Amino acid sequence: MNQIVAKNKVAVITGAAKGIGAALARELHARGMQLALFDLDAQALNSLNDELGPTFLAFKGDVTSAADLSAFHDQVIERFGQVHLLVNNAGATLKAGPWDSVETWRETMEVNFSSVLSVHHLFVPGMISATEPAAVVNLGSKEGITTPPGNAGYSVAKAAVKVLTEQLAHELREVTGGRVSAHLLVPGYTWTPMNFPGMNAASDTKPDGPWTAQQVVDYFLARFLNEDFYVICPDNEVSSELDAKRFRWAVDDMIQNRPALSRWHPAWKTRFAEWLKN
């Protein structure tokens, strides 16, 4: 991985203008990488461009637009020739319940899942046909693992990203012998505009619970350079140990034939709390 996160290597990041995407762009820029950044927020992209200097390709586009993604891909290849690190970071928390409109579901899935698949389709074949080490990083969510009630569409989309990335990792290993790899980054509770709409990182006071985007990036890079596939971030409220227990309980729902989402089931909530203590 040190051959990928290195001077003059090329990183592509979607959803790059704010939050985790911007923090990662800053860190990779500091390490000498060349950047191709994609985001819908032109003002935030321009601000980041002013901060880092006009040294990267900045593209204003919508990840749900096939035309925008295709044009972005063409510009990236024309300018840089190849891609060494591809980060699917774009996403949005859109509420879609189990019987909400198909249109709401379609929008949720297009932003959080279909865009990831589209970016794979455009960039991964070129990464495979190149000769240098490369990697794909997709951002998942703990909501795609434990699937808590209340935001079904987002949970379904992020569960799909998890499965897609696992399948991608396997296929890339088979096809390239590990030269191109895939990784799943799962942030914890993070102080970003997606979680705190309207936040001003420069002036607002961060709450105690969430990590900063930079903390997520630091945690990710340490484990990415260690070649980890699953990079599941803790935060100031949830430890890695607590995450592991929640994941195990979710899997045991199937193994023990408990009610769906038993962690939130009236007959099982107390048992879950007792199990955590023990």
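Anything mentioned here points back to the structure above.
From a predicted model like this one, the values you see are computed outputs, not experimental measurements.

**What to know about empty space enclosed by the protein**
To find the voids left in a structure, one rolls a probe of water-molecule size over its atoms. Per the counting criterion, the structure on display carries 2 cavities of 30 Å³ or more. Considered as a void within the structure, the largest cavity measures approximately 50 Å³ in volume. If you trace the largest cavity, you find it lined by Ile 13, Ile 20, Gly 21, Leu 24, Val 87, Asn 89, Leu 139, Leu 185, Val 217 and Phe 220. Those elements that provide at least two residues to the lining of the largest cavity are helix 1 (19-30) and helix 6 (213-224). No other element matches helix 1, which puts 3 residues into the lining of the largest cavity.

**Notes on the layout of surface pockets**
Taken as a whole, the largest pocket encloses approximately 1,200 Å³ of empty space. The wall of the largest pocket is formed by 49 residues, among which Gly 91, Thr 93, Tyr 154, Met 194 and Asn 195 lie closest to the centre. Put simply, the parts of the chain that give the lining of the largest pocket at least two residues each are helix 1, strand 2 (34-39), helix 4 (102-129), helix 5 (152-176) and helix 7 (240-255). Taken together, the residues that form the lining of the largest pocket break down as 18 nonpolar, 17 polar and 14 charged. In this structure, the second largest pocket encloses a volume near 430 Å³. Considering the residues around the second largest pocket, the lining is formed by 18 residues, among which Lys 18, Gly 19, Arg 26, Met 199 and Ala 201 are closest to the centre. At the level of secondary structure, the elements contributing two or more residues to the lining of the second largest pocket comprise helix 1, helix 2 (42-52) and helix 6. When its residues are assigned to classes, the lining of the second largest pocket shows 10 nonpolar, 5 polar and 3 charged.

**Examining the pairing of strand 4 (residues 85-88)**
Burial of the side chains of strand 4 extends over both faces: Leu 85 and Val 87 are buried on one face and Leu 86 and Asn 88 on the other. Bridging between strand 1 (residues 10-14) and strand 4 involves 3 bridges; their strand directions are parallel. Residue Ala 11 lies in a different strand from strand 4, and its bridge partner there is Leu 85. Bridging between strand 4 and strand 5 (residues 134-139) involves 4 bridges; their strand directions are parallel. Looking across to strand 5, one finds that Asn 88 is bridged to Asn 138. In this region the chain leaves strand 4, passes through helix 4 and returns to the parallel neighbour strand 5; the handedness of that crossover is right-handed.

**Some words on unusual backbone geometry**
We note that Thr 147 has phi near 45°; this positive angle belongs to a residue other than glycine. For Thr 147, the position within the fold is in the loop between strand 5 and helix 5. Judged by its relative accessible area of 28%, Thr 147 falls in the partly exposed class. Phi is positive for Leu 261, close to 50°, though the residue is something other than glycine. Inspection of the secondary structure puts Leu 261 in the loop between helix 7 and helix 8 (269-277). Leu 261 sits in the partly exposed class, given a relative accessible area of 31%.

About the cut-offs
Residues numbered from 1 in each chain as written. Predicted model: local features only at pLDDT ≥ 70, side-chain atom pairs only at ≥ 80, totals over all residues. Heavy atoms only, no water. 1 Å grid on protein atoms, 1.4 Å probe; cavity = no way out; pocket = protein on both sides within 12 Å on 5 of 7 lines; lining within 4 Å. Points joined across faces, edges and corners; volume = space filled by probe spheres on them. Helix = DSSP H or I, 4+ residues; strand = E, 2+ residues; numbered from the N terminus. Nonpolar A, V, L, I, M, F, W, Y, C, P; charged D, E, K, R; others polar. Buried < 20%, exposed > 50% of the residue type's maximum accessible area, 1.4 Å probe, protein only. Pairing = 2+ DSSP bridges. Right-handed = clockwise from strand over helix to strand, strands pointing away.

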